[in-house]
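Spelled out from the first residue to the last, the chains are:
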Amino acid sequence: MKVVHTEGHRRHDPKVETYLGLPLPANEVPARADAIRDALVADGGFELVDPQGHGAGPILSVHDPGLVRFLEEAWPAVQEQAIDREFLVADTYPTRGMFQGMSDEFVASRPETRAVGGRAGWWGLDSSNPIVAGTYVAARWAVDVALTTVDLVLGGETAAYGLCRPPGHHAAAAMAGGYCFFNNAAVAAQAIVDATGERVAILDVDVHHGNGTQQIFWRREDVLYASLHADPLRLYPFFLGYADEVGEGPGRGANLNFPQPLRADDATYLADLDRALERIAAEPGSIVVVSLGFDTFHLDPIGDLALTTEGYHEMGRRVAALGRRLVIVQEGGYHVPALGGNARAWLRGAEGRHFGGA
Ligand code: SP5
Ligand code: ZN
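All values derive from a computational prediction rather than experimental measurement. (Residues numbered from 1 in each chain as written. Chains lettered and ligands numbered in written order. Predicted model: local features only at pLDDT ≥ 70, side-chain atom pairs only at ≥ 80, totals over all residues. Heavy atoms only, no water.)

Caption draft 1: A look at the pattern of salt bridges. Across all of its chains, the model carries 25 salt bridges by this definition. As a salt-bridge pair, Asp38 and Arg37 come within 2.9 Å of each other at their nearest N and O atoms. You can call Asp38 partly exposed: its relative accessible area is 42%. With a closest N to O distance of 2.4 Å, Asp272 and Arg275 form a salt bridge. Of the two residues, Asp272 and Arg275 are both situated in helix α9 (residues 266-281); the distance of three residues between them amounts to about one turn of the helix. Residue class for Asp272 comes out buried when judged on its relative accessible area of 13%. Given the relative accessible area of 47%, Arg275 is considered partly exposed. Via salt bridges that share partners, Glu7, Arg10, Asp34, Arg37 and Asp38 belong to a single interconnected network. (Salt bridge = Lys/Arg side-chain N within 4 Å of Asp/Glu carboxyl O. Buried < 20%, exposed > 50% of the residue type's maximum accessible area, 1.4 Å probe, protein only. Helix = DSSP H or I, 4+ residues; strand = E, 2+ residues; numbered from the N terminus.)

In structure tokens:
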């Protein structure tokens, strides 16, 4: 299988994230992508491919231009405002209670402030998502990785894997969050719709609900979003990801959430995977975008499910058994020592190769 990869991800290199107001070592680090790349190279069955630049156009087809502008300007603004920090986290979020009783029209007329600590809140979901000097450049590379993966599949590959970093599925049209800046999977899905006119399904198997992807396609019937994730009653992003979120308007019925119980094992998880795959199979279309996370792993430091490396092999096998072409993009997964083996297992499963050891 071809693996789209660039060293450009390294530009996003946070050392620290804040969690409940205190600094902790960052989870979403360059070593994650290194571990996966090294394991796939060592396997011998994968071929690394460089991404091609696709410009900002495809990003703007799913994201608000204001988000792109903010991410481009954020680090220069931190420097201009002489904020002595190695990373930017919002000072203030415009949360719903601030505007209670005010009309949608009035709220929409409030200005994006000029202060970068406020702008980070305006465009950001949470305080565990540090922006550093190279974040924008790396996030642009991640989109190009996803789009090059699309190009490979449109060019005839049965499946291709984009080693995206930073990840994307928490990023909504007008919001970054959850280690995500641009929604790589959503940009990829939109590019497939634009190129083929076909319906596209997005299968999200990261441990967290892909609130951003859900938001972007909420009213769309041409892009089906199906996600398995830890129940948001327990885990980030907390406020979306419940089973009754089915989409609205023309998109009603094209959004499917499968919240998982604490410590869900391979068998529990794979049973719901089959339900998601059944729904995808019922829909026309020849390409599925997979938002692939390994933070469902039993040792993951921020997830709370209990999947195994063997489980990932079986997951890849079942997803490929759909008989659709696969655009696979990397999302989360933070137990770095197991990331390479888990990616290798999943992708070998998807190629119909045997497990091949942990
Ligand atoms: C793409 C992706 O997987 N994003 C995950 C975002 C999770 N954000 C919340 C992180 C909180 C980390 N808490 C660490 C403390 C563990 N006890
Ligand atoms: Zn995740």
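Caption draft 2: Geometry of the sheet that holds strand β9 (residues 287-292). Taking strand neighbours across the sheet as the criterion, the eight strands line up as β4-β1-β5-β10-β9-β6-β7-β8 in an open arrangement whose pairing is parallel. The sheet terminates laterally at β4 (47-49) and β8 (255-260), the two strands that pair on one side only. Strand-to-strand twist across the sheet, computed as the mean angle between neighbouring axes with direction ignored, equals 20 degrees. As judged from the four bridges shared by strand β5 (residues 159-162) and strand β10 (residues 325-330), these two strands associate in the parallel manner. By the bridge assignment, Gly162 is partnered in β10 with Val329. Packing against the sheet, α9 makes contact with β6 (200-204), β7 (223-230), β8 and β9, and its axis sits at approximately 175 degrees to β7. (Pairing = 2+ DSSP bridges. Axes fitted to C-alpha atoms, helices over the stretch in contact; angles between N-to-C directions. Contact = heavy atoms within 4.5 Å.)

Caption draft 3: Seen up close, unusual backbone geometry. Cis geometry marks the peptide bond from Arg165 to Pro166, where omega comes out at 0 degrees. Within the element layout of this structure, Pro166 appears in the loop between β5 and α7 (184-196). The omega angle of the peptide bond from Tyr236 to Pro237 is 10 degrees, so this bond is cis rather than trans. Within the secondary structure layout, Pro237 lies in the loop between β7 and β8. Of note in this structure, Leu20 is not a glycine but carries a positive phi near 50 degrees. Relative to the assigned elements, Leu20 resides in the loop between β2 (16-19) and β3 (22-25). Positive phi outside glycine occurs at Tyr179, with the angle close to 70 degrees. Mapped onto the elements of the fold, Tyr179 is located in the loop between β5 and α7.

Caption draft 4: Inspection of the site of ligand 1 at higher detail. Inspection of the region around ligand 1 gives 15 residues, with His170, Gly178, His208, Asp295 and Tyr334 positioned closest. Between ligand 1 and the protein, one listed contact pairs a nitrogen atom with a backbone N or O atom of Gly178 at 2.9 Å. In this structure, Asp295 approaches ligand 1 through a side-chain N or O atom, which is 3.0 Å from an oxygen atom. Computed on the free molecule, ligand 1 has an accessible area of 510 Å², of which 81% lies beneath the protein chains in the complex. Counted by class, the shell around ligand 1 contains seven nonpolar, five polar and three charged residues. (Near = heavy atom within 4 Å. Polar contact = N/O pair within 3.5 Å; in protein donor to acceptor, adjacent residues only side chain to side chain. Areas by Shrake-Rupley, 256 points an atom, 1.4 Å probe, with all protein chains shown as cover. Nonpolar A, V, L, I, M, F, W, Y, C, P; charged D, E, K, R; others polar.)

Caption draft 5: The arrangement of the coordination of the zinc ion (ligand 2) in detail. Of the protein atoms, only Asp206 (OD), Asp206 (OD), His208 (ND1) and Asp295 (OD) coordinate the zinc ion (ligand 2), at distances of 1.9 to 2.7 Å. Look at where the donors of the zinc ion (ligand 2) fall in the sequence and you get D-x1-H-x86-D. Taken individually, Asp206 and His208 each receive the classification buried, so the pair is uniform in this respect. (Donors = N, O, S within 2.8 Å, 3.2 Å for Na, K, Ca; no water.)

Caption draft 6: Quick peek at α9. Between its first and last C-alpha atoms α9 spans 22 Å; for 16 residues at 1.5 Å apiece the expected length is 22 Å, and the two agree. Every buried residue of α9 is listed here: Asp266, Tyr269, Leu270, Asp272, Leu273, Ala276, Leu277 and Ile280. Taken around the axis of α9, the buried residues stretch over an arc of 165 degrees, which confines them to a single face. In α9, the exposed positions that point more than 90 degrees away from the buried face belong to Ala267 and Glu278. (Expected span 1.5 Å × (residues − 1). Arc of directions from axis to C-beta.)

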